Each structure stands twice: as C-alpha cells, then as structure tokens.
Amino acid sequence: MSSTSRSSLNNAPADPALATQAPAIRAEQLCRYYRMGETLIRAVDGVTLEVRAGEFVALLGSSGSGKSSVLNLIAGLDRPTSGSVMVHERDLAQLSREELARYRLHTVGMVFQSFNLIASMTLAENVELPMRFAEVNRGKRDGLAREALERVGLQARMSHRPSELSGGEQQRAALARALINRPQLLLADEPTGNLDSHTGTEIMNMVREFNQQLGMTVVMVTHERALAERYAQRLIFLADGKLVGDVDPEAMKELASAYTPVPGGVGPLTIAMLMANTVQIAEQHLCSA
C-alpha cells in the first residue's frame, strides 16, 4: 500500500453527511525532523492525510512510529520542519505563538495518558482553569464546571483533589477539562494507557458519546489495535514516521457481508480475509521496524 494513497474502502465516510464537509484536518507532506548529535531523527516523514469533521480516527503504531509527533503537530504544540498541517482551513505553521495559544485554548481539547491534573487544586478548579485563561466571567465558570463534571459523573467529587480519586476518576476529570471550552477537536494520546480494561472502556464510551452527540472530531493515538477497531471509524498506521496504512474497518465488514458468491468463486469469508490483509501488511511493517 502506498504511504500517501488511501484504501478505496475509505472513500465513503461512516456517516454520509461527513462527505459534504471540508476536512477538519489536512496534512500535506508533513515532516518533523530533529538533530541528535550527528544523527537526523525523522519523527514525521512526509505524512499526507485528511480527517473529516466529526470523524473518529485512531493513529496506530509501535513506539517511535511518529504517532504522538503527528498529534503534537495537529495540537499546535510543535511546528513542522516542512509541509503543512491545516485545521479548519488554518495553516498552523503560519500562526504566531499568541495565535497558537488561542488555537489550543478554543479549538483543541487534549487528554493525555498521565491525566496532568494540578495536585493542589480541587476538581472544580482544575476544570475551570481553561476558562480562566479564556477570561470567562467568574460567575459563569462555576456553573460550566459543575455541568462538565456532571457530564462525566463526578458531580459529587467537585471539592476533592486529584490524590483523593481513582485513576479512572482522574481521567474523567481530565476529559471534562478538555471539553470545558467546547472545542471542535479532541486529541487523545493513549487515554486508557494508565487504566484497567473496565475503566478504560468507560472512558472510551464517553469519548465516543462526545464524538457522536456533539459532532466533535476525535483523533486518538493508541498502540491497541482492538481498542481502535472498536471505537474508531478509521485506522491510520504509522511506522518510521511514515503513513503505511489507512483502513475503514466498518467498510471492510460491509463489503464482506454484501458480497454475493458466484459458482466456483471465493466465498465471503475469503473476501473478508483478503480485505483484512491490508491491515496485516501494515502490522507486519510495524513489527519489522
């Protein structure tokens, strides 16, 4: 599979309404290189991709594949060495530091593996923090923070500090904080990495709910193929900083189930296996990297 071409299975989005919308994210030959002594590290090496508004996309790859580097570029936390990354028709590489700060404040919500809550603050104060930076009136902040914590089931924990909460509760609080300014884009970097499987499922169900009910675009970094297949509409595979696979698991299932066998031809199971081979090829590339 070409590193820049998309599988024909992905030409139709899971929601047909998405097809008429401009891309929420568009990266063109995106590169991010670092120098370590005499060695040039190609963290992101010529990645071209599009993510439609309202889509749920998973970036998969082994450690060092470039998936978190791509996420940081989309978040405006880093600048590309070359190429471009457009979010809602704004070229992030051309924005000033002040404009990038406003972009991260109003357009992007981020959830990390390590929660990143401030230990000395209560949950309500942690969730309020982005609104303080956005200069939201103090009278409105309390109500909005309460509403956000109610949405993730933590209304009874508003006055607690992070150390008094379980890992799952801390991640739910981090999710409430990421969504407090109603961002258009939610970026999640291994959001279940520090959670047990049951709690991770609860968090991912919430992320999917926000994607479906609020129309929020979600880009999630993970190394868990099963998790990505369960929740994402598209799986994008990265290896050595390059895009090596882009598949739509639901479209693969639909094509397999709709296939009508002909006498002497292959059956639907064989068709499904052949289509799934595109994912296996990407995984083999990742394993051999």
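Criteria and thresholds
Residues numbered from 1 in each chain as written. Predicted model: local features only at pLDDT ≥ 70, side-chain atom pairs only at ≥ 80, totals over all residues. Heavy atoms only, no water. Helix = DSSP H or I, 4+ residues; strand = E, 2+ residues; numbered from the N terminus. Buried < 20%, exposed > 50% of the residue type's maximum accessible area, 1.4 Å probe, protein only. Contact = heavy atoms within 4.5 Å. Areas by Shrake-Rupley, 256 points an atom, 1.4 Å probe, with all protein chains shown as cover. Phe/Tyr/Trp six-rings, centres within 6.5 Å; stacked < 30°, edge-to-face > 60°. Lys NZ or Arg CZ within 6 Å of the ring centre and 35° of its normal. Salt bridge = Lys/Arg side-chain N within 4 Å of Asp/Glu carboxyl O. Axes fitted to C-alpha atoms, helices over the stretch in contact; angles between N-to-C directions. Parallel < 35°, antiparallel > 145°, perpendicular 65-115°, else oblique. Left-handed = near helix turned anticlockwise from the far one by under 90°. Pairing = 2+ DSSP bridges. Core = buried A, V, L, I, M, F, W, Y, C linked by side-chain atoms within 4.5 Å.

Attention now goes to the overall build of the protein. Helix and strand counts for the protein come out as nine helices and ten strands. Burial status across the protein gives 50% buried among its 289 residues. Considering only contacts in the protein between residues 6 or more positions apart, those separated by 24 or more positions represent 70%. Within the structure as shown, the protein displays about 14,000 Å² of accessible surface, and the carbon and sulfur contribution to it stands at 50%.

For the rest of this paragraph, the subject is the packing of aromatic side chains. Any pair of aromatic rings gets described here by the distance separating the centres and the angle formed by the planes. For the structure on display, the rule yields zero aromatic pairs. A cation over an aromatic ring shows up here: Arg32 above the ring of Tyr34, its NZ or CZ 4.3 Å from the ring centre. A cation over a ring is seen here: Arg42 above Tyr33, with NZ or CZ 4.8 Å from the ring centre.

Our next topic: the side chain of Glu128. For Glu128, the location among the structural elements is in helix α3 (residues 123-133). We classify Glu128 as buried; its relative accessible area is 8%.

Attention shifts here to the pattern of salt bridges. Counted by the stated rule, this structure contains eleven salt bridges. For the salt bridge of Asp45 with Lys242, the shortest nitrogen-to-oxygen distance reads 3.1 Å. Of this pair, Asp45 sits in strand β2 (residues 39-52) while Lys242 sits in strand β10 (residues 242-247), placing them 197 residues apart in sequence. One connected set of salt bridges, linked through shared partners, spans Arg52, Glu55, Arg234 and Asp246.

As a further point, take the packing of helix α5 (residues 167-179) against helix α6 (residues 197-214). Running from amino to carboxyl end, α5 crosses α6 at an angle of 15°, the nearest separation of the two axes being 10 Å. The angle between the axes of α5 and α6 places the two elements in the roughly parallel class. In this structure, the crossing between α5 and α6 has a hand that is right-handed. Every residue of α6 that contacts α5 at Gly168, Gln171, Arg172, Leu175 and Leu179 is listed here: Thr199, Ile203, Met206, Val207 and Phe210.

A few words on the sheet that holds strand β6 (residues 108-112). Strands sit in the order β6-β7-β8-β3-β9-β10 across an open sheet of six strands; the sheet is mixed. Strands at the two margins of the open sheet, each flanked by one partner only, are β6 and β10. Taken pair by pair, the neighbouring strands of this sheet meet at an average axis angle of 20°, ignoring direction. Pairing of strand β9 (residues 234-239) with β10, which is carried by five bridges, proceeds in the antiparallel orientation. Bridge pairing in β10 places Phe237 opposite Gly245.

Further remarks concern the environment of Gly61. By the secondary structure assignment, Gly61 is in the loop between β3 (56-60) and α1 (67-75). Under the relative-accessibility criterion, Gly61 is labelled buried at 6%. Considering only alpha carbons, one finds Gly61 and Leu238, 177 residues apart in sequence, at a separation of 5.1 Å.

Let us now look at the sheet that holds strand β1 (residues 23-36). Strand order across the open sheet formed by four strands is β2-β1-β4-β5, with antiparallel pairing between neighbours. A strand with exactly one partner marks an edge of an open sheet, and here the two such strands are β2 and β5 (90-91). Relative to β5, strand β4 (residues 82-87) is paired through two bridges, and the arrangement is antiparallel. The residue of β5 that forms the bridge with Val87 is Arg90. Taken strand by strand, α1 contacts β1, β2 and β4, and its axis lies near 65° from that of β2.

If you look at the biggest cluster of nonpolar residues, it comprises 44 residues, and the most contacted ones within it are Phe56, Leu175, Leu186 and Leu235. Residue contributions to this core peak at six residues, all from α5. Within the second largest apolar cluster, 31 residues are counted, among which are Leu30, Ala75, Leu187 and Leu238.

Turning next to the pairing of β10. Of all six residues in β10, five are buried; the element is thus mostly enclosed. Here β9 hands over to β10 after two residues, with Asp240 in that stretch at a positive phi of 55°.

Function cannot be inferred from these measures alone, as they are strictly geometric.
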